[in-house]
Amino acid sequence: MSSESNKMWGGRFAMSPAEIMEEINASIAFDKALAPQDIRGSKAHAAMLAGAGIITKVDAEAIIAGLDKVAAEIAAGTFEFKRALEDVHMNVESRLKDVAGAAAGRLHTARSRNDQVATDFRLWVRDEIDALNAALRDLQIALARKAEAHAATVMPGFTHLQPAQPVTFGHHLLAYVEMFARDRGRFADARKRLNESPLGSAALAGTSFPIDRHATAAALGFDRPMSNSLDGVSDRDFALETLSAATITAIHLSRLAEEIVIWMTPQFGFVTLSDKFTTGSSIMPQKRNPDAAELARAKVGRIAGAFQSLVMVMKGLPLAYSKDMQEDKEVTFDAIASLKLAIAAMTGMIADLEPVPERMRAAAGRGFSTATDLADWLVRVLAMPFRDAHHVTGSIVKLAESRGCDLEALPLDAMQTIEPRITQDVYTVLSVENSVESRTSYGGTAPQNVRKMAQGWLACLELGSKSG
C-alpha cells in the first residue's frame, strides 16, 4: 500500500492505514470539487504570510506560482488526484511540493486542514448561491414574460383542487415569481451570514504566529474574519441554512411541476409542451409524458434528504472539529447540483409551455365559479348583508344545479323566485371575463393588474440580468 499519506502526516505514524481505514477516510472522490476554492484560499494565505513577515516574499511568490500551475493542471484535466492522499488539500499540497520545491512546505504555517476545509466549503457554497440566484432570476424572467403575454387568459382558480373563482393564467404564473423571489431572498440571507472567514482559526485555538486574518478575509471577498476560532472550524450552519433554502425552493419547483403534470392530462388539457420537454412510451404510441416536470418534482426528495442528513451529522457533535463533518460535502454537492438542474429544466419548460385558452376558459366557467361575484353584487347593489347574500347565492346555485345550467344561463325569473329584487344587471357580473376584470384590488387577478405587475417584475429582473 502507498506510504504517501504517511509522508504527509509526518513522524507520528510508521505504518500505512488499513485498507478499510483508507476506504472510510478518503474523501478525494468528492471533495476534489473544492480544488478551485482550495487554491484561492492557499494563495491568499501565502500572500498574507509574506505580508506579515512569517515567510519570505520569494517563498510566497514560488508558492503562488506553483498553485497557479496546479490550478491550470486541474482545469485542463491532467492533474492526478491520488486516493492515498485522502483529500483535496493534501493532493494539492503534495503536487505543489513537486512544482515549487521546498517553499511549498511553508504554506501550511499558521493553518490547519480544519480551517482550510471550512474556508474552502464556505467559498464553494457562496459561489453556488450566486449561481442559484442567477438561475432563479432567469426562471422568474421566463415566468413573468409568459404572464405578461397571458395577462387576460382566463383559467379556473382552485381551492382544494375544486373550481373556486376565475383567475388569469398570467396571475397564476406570477404567484411563482413571488415564491422564487422569496427563495432568492433566503439564499441572499444565507450568503450574508456565511460571508465570514474561518481562515486563521487553525486547528481550533488560533495560532501564535502574527497573522493578519482581516487581510485574508478581504482577499477572499469575506466581510470579516470569524470571531471565535472554535466556531470557525466547527460551524456548518452556512451549509444547513443553504440546504434549507434549497429545500424550500425545490418545494416550489415541485408544486409548479405538479401543476404542469396535471394541466397536461387530457382531462384538463390546459397546456402543451413540445417534444423538447416530453417523452414517449415504449409500448403506447399515443403517449406524450411530461417527464421533465416529473423529474423536477422528484428532486425535492434528494434535496430535502440532504438537509436532513446534515442535520443528523451535526446534531450531537461537541466542539470543535470531528471527522463526522466530512459527511457535510457530498450531500450538499448533490443537493445543489440537483436543484440547479431542476431550475434549468423548469426555466426551459416555462418558455416552451403554451396554454390552451379555450380549454381554460371552458373550465373556468364550470362549477359555478362566479358565485362569489353574485354574492358581491347582492351586497353592492341590494345592500344585503354578506352572510345573507351568501345564503341567497347558495340557494341560486342549488337551483342552477338542479336545472343543469351555469349561473349566467339561469333565467332572471328563476333567480327572482329566490330574491325578487334581482335585476337584469346581475348578468354583468356572471361571466368569467367580467369576474376577473372586477378583481382590481392590489394583488388581484384583473388583467390590468397582472400586466402591470408582470411588466414591473420584468423591468426589475432584466435590469438585474444586465447589471448582475
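In case you missed it, the structure is sitting above this.
Because the structure is a prediction, the values reported are computed rather than measured.

**Considerations on the overall build of the protein**
Broken down by element type, the protein carries 19 helices and 6 strands. Taking 23 Å as the expected radius of gyration for a compact globule of 468 residues, we find that the protein reaches 30 Å, considerably beyond that expectation. For the C-alpha atoms alone, the extent of the protein along its principal axes is close to 100 × 55 × 40 Å. Taken across its 468 residues, the protein has 49% of its residues classed as buried. Taking all contacts inside the protein whose residues are at least 6 apart in sequence as the whole, residues at least 24 apart take part in 73%.

**Here's the deal with helix α12 (residues 291-314)**
Given 3.6 residues to a turn, an α-helix orients residues that are three or four positions apart in the same direction. Compared with an ideal rise of 1.5 Å per residue, which puts 24 residues at 34 Å, α12 spans 36 Å between its outermost C-alpha atoms and is within 8% of the ideal. Considering only its buried residues, α12 is in contact with α10 (229-234), α11 (237-264) and α13 (327-352).

**Things to note about the packing of aromatic side chains**
What the rule picks out here adds up to 8 aromatic pairs. The interplanar angle of 70° and the centroid separation of 5.8 Å between the aromatic rings of Phe169 and Trp263 together place this pair among those described as edge-to-face. With Phe169 in helix α8 (residues 169-194) and Trp263 in helix α11, this residue pair connects regions lying 94 residues apart in the sequence. Just as Phe169 is buried, Trp263 falls in that class too. For the pair Phe268 and Phe270, a centre-to-centre distance of 5.2 Å together with 75° between the ring planes defines the contact as edge-to-face. Here the aromatic cluster, defined as three or more aromatic residues joined through ring pairs, consists of Phe121, Trp124, Phe238 and Phe333.

**Some details on helix α6 (residues 88-100)**
With 13 residues, α6 should reach 18 Å at 1.5 Å per residue; the first-to-last C-alpha distance of 18 Å fits that figure. For α6, the complete set of buried residues consists of Val88, His89, Met90, Asn91, Val92, Ser94, Leu96 and Ala100. Looking at where α6 begins, the residue whose side-chain oxygen comes 3.1 Å from the main-chain nitrogen of His89 is Asp87. Count one or two residues on from α6 and you reach Gly101, which has phi positive near 75°.

**With respect to the pattern of salt bridges**
Applying the stated criterion across every chain yields a total of 25 salt bridges. As a salt-bridge pair, Glu258 and Arg297 come within 2.5 Å of each other at their nearest N and O atoms. With Glu258 in helix α11 and Arg297 in helix α12, the pair connects residues that are 39 residues apart, well separated along the chain. You can call Glu258 partly exposed: its relative accessible area is 31%. For Arg297, a relative accessible area of 27% corresponds to the partly exposed category. Notably, a salt bridge pairs Asp376 with Arg439, separated by 3.5 Å at the nearest N-O pair. Linking Asp376 in helix α15 (residues 371-382) with Arg439 in the loop between α18 (432-438) and α19 (447-467), this pair joins segments that are 63 residues apart in sequence.

**Some points on the nonpolar core**
Counting residues in each nonpolar core, the largest one holds 93 residues, and the members touching the most others are Leu143, Ile260, Leu339 and Met346. When residues of this core are assigned to their parent elements, the largest contribution, 14 residues, is made by α11. Ignoring any residue separated from it by four or fewer positions in sequence, one finds Leu143 in contact with Leu173, Tyr176, Val177, Phe180, Leu256 and Ile350. Within the second largest apolar cluster, 23 residues are counted, among which are Phe368, Ala400, Met415 and Leu430.

**What to know about unusual backbone geometry**
Along the chain, Leu319 connects to Ala320 via a cis peptide bond; the corresponding omega equals 10°. Within the fold, Ala320 resides in the loop between α12 and α13. A positive phi is found at His160, a non-glycine position, where the angle reads about 60°. Tracing the backbone shows His160 in the loop between β1 (154-159) and β2 (162-168). Look at His160 and you get exposed, because its relative accessible area is 76%. At Ala202, a residue that is not glycine, the phi angle is positive and equals roughly 60°. Along the polypeptide, Ala202 turns up in the loop between β3 (196-197) and α9 (213-219).

How each quantity is defined
- Residues numbered from 1 in each chain as written.
- Predicted model: local features only at pLDDT ≥ 70, side-chain atom pairs only at ≥ 80, totals over all residues.
- Heavy atoms only, no water.
- Helix = DSSP H or I, 4+ residues; strand = E, 2+ residues; numbered from the N terminus.
- Rg over C-alpha atoms; globule rule 2.2 N^0.38 Å.
- Buried < 20%, exposed > 50% of the residue type's maximum accessible area, 1.4 Å probe, protein only.
- Contact = heavy atoms within 4.5 Å.
- Expected span 1.5 Å × (residues − 1).
- Phe/Tyr/Trp six-rings, centres within 6.5 Å; stacked < 30°, edge-to-face > 60°.
- Polar contact = N/O pair within 3.5 Å; in protein donor to acceptor, adjacent residues only side chain to side chain.
- Salt bridge = Lys/Arg side-chain N within 4 Å of Asp/Glu carboxyl O.
- Core = buried A, V, L, I, M, F, W, Y, C linked by side-chain atoms within 4.5 Å.

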